[in-house]
Amino acid sequence: MNSTVALVLLSIAGLLATRLPPLATPRSPTLQLLLLGLVLGPVAGLLDRSALTALAPVTALVVGWVGARLGARWDWRMLRRVRPETWGVVAAQAVAGIGVGFLAAWLGTKFVPALAAAWTPRVPAALTLGAVAIIPGAGAMERAARAAGLAPRMARSLRRVALLNAAWGALVCAIALGWQHPRVAGILPGWIAALVLEVVAGALVGTLFLGVSRFARERSDLGLALIAVLLFGAGLAYAADLSPFVVCGLAVALIVNRSPHRHRVRGLLGAWARPSYELLFVLVGAALTLPTLWVLAAAPALAALRVVAQWSTVRSGLGYLPAAALPPIAGLASVAQGASALALGLGFSLARGGGGAVLTTIAVGVVLTQAVAPAVMRLAAAPARLTAGVPAAELSSDPDGN
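Nothing here was measured: the structure is a model prediction, and the numbers come from that model.

(A) A look at a nonpolar patch on the surface. Together, Leu 204, Leu 208, Val 212, Phe 232 and Leu 236 line one region of the surface with nonpolar side chains, adding up to about 380 Å² of accessible area. Among the elements that line the nonpolar patch, the one with the most residues is helix α11 (residues 190–212), at three residues. Relative to the helices and strands, Leu 236 resides in helix α12 (residues 219–239).

(B) Focus on the side chain of Arg 266. By the secondary structure assignment, Arg 266 is in helix α14 (residues 262–271). At 2.9 Å, the side chain of Arg 266 forms a polar contact with the backbone oxygen of Ala 72.

(C) Seen up close, unusual backbone geometry. With an omega of -15 degrees, the peptide bond between Thr 120 and Pro 121 qualifies as cis. On the secondary structure map, Pro 121 appears in the loop between α7 (113–118) and α8 (122–133). At Asp 241, a residue that is not glycine, the phi angle is positive and equals roughly 60 degrees. Structurally, Asp 241 is set in the loop between α12 and α13 (244–258).

(D) Just α11, in detail. With 23 residues, α11 extends 33 Å from end C-alpha to end C-alpha; this agrees with the ideal 33 Å at 1.5 Å per step. Those residues of α11 lying buried are Gly 190, Ala 193, Ala 194, Leu 195, Glu 198, Ala 201, Gly 202, Val 205, Gly 206, Phe 209 and Leu 210.

(E) Quick look at the packing of α8 against helix α18 (residues 339–352). Taken N-terminus to C-terminus, the directions of α8 and α18 make an angle of 165 degrees; their axes are 10 Å apart at the nearest point. Judged by the angle between their axes, α8 and α18 are roughly antiparallel. As for how α8 packs across α18, the hand of that crossing is right-handed. Contact with α8, carried on its side by Pro 124, Ala 125, Thr 128 and Val 132, involves Ala 341, Leu 344, Phe 348 and Arg 352 of α18 and no other residues of that element. A per-class count over the contact of α8 with α18 returns six nonpolar, one polar and one charged.

(F) Highlighting the confidence of the model for the protein. Chain-level pLDDT for the protein is 79 on average; 78% of the residues reach the 70-or-more range. Mean pLDDT per element in the protein: helix α20 (residues 392–395) is the minimum at 37, and α13 is the maximum at 95. Segment residues 1–11 is flagged for pLDDT under 50; beyond a separation of four residues in sequence, or across chains, it makes 12 contacts in the model. Below pLDDT 50 for its whole length, residues 384–402 participates in 50 contacts with residues either more than four positions away or in separate chains.

(G) Structural context of the nonpolar core. By size, the foremost hydrophobic cluster in this structure holds 66 residues, and its most contacted members are Trp 119, Phe 245, Leu 280, Val 284, Leu 342, Leu 346 and Ile 362. Examining the composition of this core, we find that 11 residues originate from one element, helix α10 (residues 152–177), more than from any other. Ignoring sequence-local partners within four residues, the contact set of Leu 280 consists of Val 62, Val 66, Ala 339, Leu 342, Ala 343 and Leu 346. Grouped together as the second largest cluster of nonpolar side chains are 28 residues, Leu 226, Ala 234, Cys 248 and Leu 268 included.

Rules used in this analysis
The residue count restarts for each chain, going from 1 along the sequence in the order it is written. It should be noted that, the model being predicted, local features are given only for residues of pLDDT at least 70 and side-chain atom pairs only at 80 or more, the latter also being counted only at that level, while totals for whole chains, interfaces and linings use all residues. As a rule here, side-chain values cover all heavy atoms of the structure and leave hydrogens and water aside. Like-charged residues are merged into a patch within 9 Å and nonpolar side chains (Val, Leu, Ile, Met, Phe, Trp, Tyr) within 5 Å, provided each residue has over 30% relative accessible area and no salt bridge. The Shrake-Rupley method, run with a 1.4 Å probe, gives the accessible areas here. Residue values count only the displayed protein chains as cover. By definition here, a salt bridge exists when the distance from a side-chain nitrogen of Lys or Arg to a carboxyl oxygen of Asp or Glu is within 4 Å. Helix and strand definitions here come from DSSP, where helices need a minimum of 4 consecutive H or I residues and strands a minimum of 2 consecutive E residues; each element is numbered from the N-terminal end. Polar contact is the term for a pair of N or O atoms within 3.5 Å; when the atoms are in protein, one must be able to donate a hydrogen and the other to accept it, and sequence-neighboring residues count only if both atoms are side-chain atoms. The span one expects for a helix is its residue count, reduced by one, times 1.5 Å. Only protein chains enter the accessibility calculation, which uses a 1.4 Å probe; a residue is then buried when its area is under 20% of its type maximum, exposed when over 50%, and partly exposed in between. Inter-axis angles, ranging from 0 to 180 degrees, are taken between N-to-C directions of lines fitted to C-alpha atoms, where helices are fitted over the stretch in contact. Every angle not falling under 35 degrees, over 145, or within 65 to 115 is termed oblique; those three ranges are roughly parallel, roughly antiparallel and roughly perpendicular. Crossings are assigned a handedness: left-handed for a near helix turned anticlockwise from the far helix by less than a right angle, right-handed for a clockwise turn. Residues count as neighbours in contact if any of their non-hydrogen atoms are within 4.5 Å of one another. Throughout this entry, Asp, Glu, Lys and Arg are counted as charged residues, while Ala, Val, Leu, Ile, Met, Phe, Trp, Tyr, Cys and Pro are counted as nonpolar. The remaining residues, Gly among them, count as polar. You can read pLDDT as the predictor saying how much it trusts each residue, on a scale of 0 to 100. In this text, buried Ala, Val, Leu, Ile, Met, Phe, Trp, Tyr and Cys residues form a nonpolar core when linked through side-chain atoms within 4.5 Å.

In structure tokens, the structure reads:
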């Protein structure tokens, strides 16, 4: 494309990005930044495939940073307050959502040749689509909860449930990335070996920070140490065809549970959250491809199926839970998706050297779920404002304010 035309299109996109009303939840820049990346990439060609390949280390770091933000919420002092019954129902909810999403994606590749050509390799792509479908966006979910008028304590309770779902989704995404890895010694499946390597790499990166942080005297020193170890973890994962999201998430989960600097680590991650998310959205937009219009039809169908599966699982399990261990709205709390889903989709595209159609499916689903989340949340909360009947242990705030 002519460089002058590309510059004009970029300028128009920049102006529109500041003028467009938020289609999704309030104050969500997801759609605008995705459109900006779309103009920079497929439309103007400024971020073409060769440019994205050159930016692969930066992409891996951004994906890892989002994973680190999720790992920072895995404080065992908070998680141990979750009742055993809740763990069981959330696990069933995650299995149902992932299973339905995987089955729907797999059947789509069987009956629609265009999807079979777009979602490749089939099994890893279907696993990724099923896993990402249950991963909520914490910020998007909280905005939807505020729009629905839920009490802050209830929003925090739902966020815990969403955190458990996100962990399940990230685990299955890691399995999908390692699905085609060669067997170890001809016996051990490649995905098991990949999971073991990710746990070892996460422990190594987390331990490295714990050692280096002992010599950090200033806040800037701690920030440099955190960036350095996350860059090391993301680069290690990228070089070994592992998930930067999972490796960095496990590393920071270890840090926040073992380091005396956990508050400062969370503060540093939070300080860089906005620019890292904005860069993520632009990179996702630049990596989008649309080989077939069936992708646009499949995204809302997959989103609807996983919501129905999760909601029905929670509803069917409530009769067996003592004292309402899980609020009924938990089946619909994770409708809104955000950066974590996009980061895992971008990680799949990065590892496969393609996967743009899978990423496009995920991105369309994120935009749609953010748009409908407030209405779905209000509908679910309408029978009762859901401020009663929830155990105090579930409603209490996190020790570190998360």
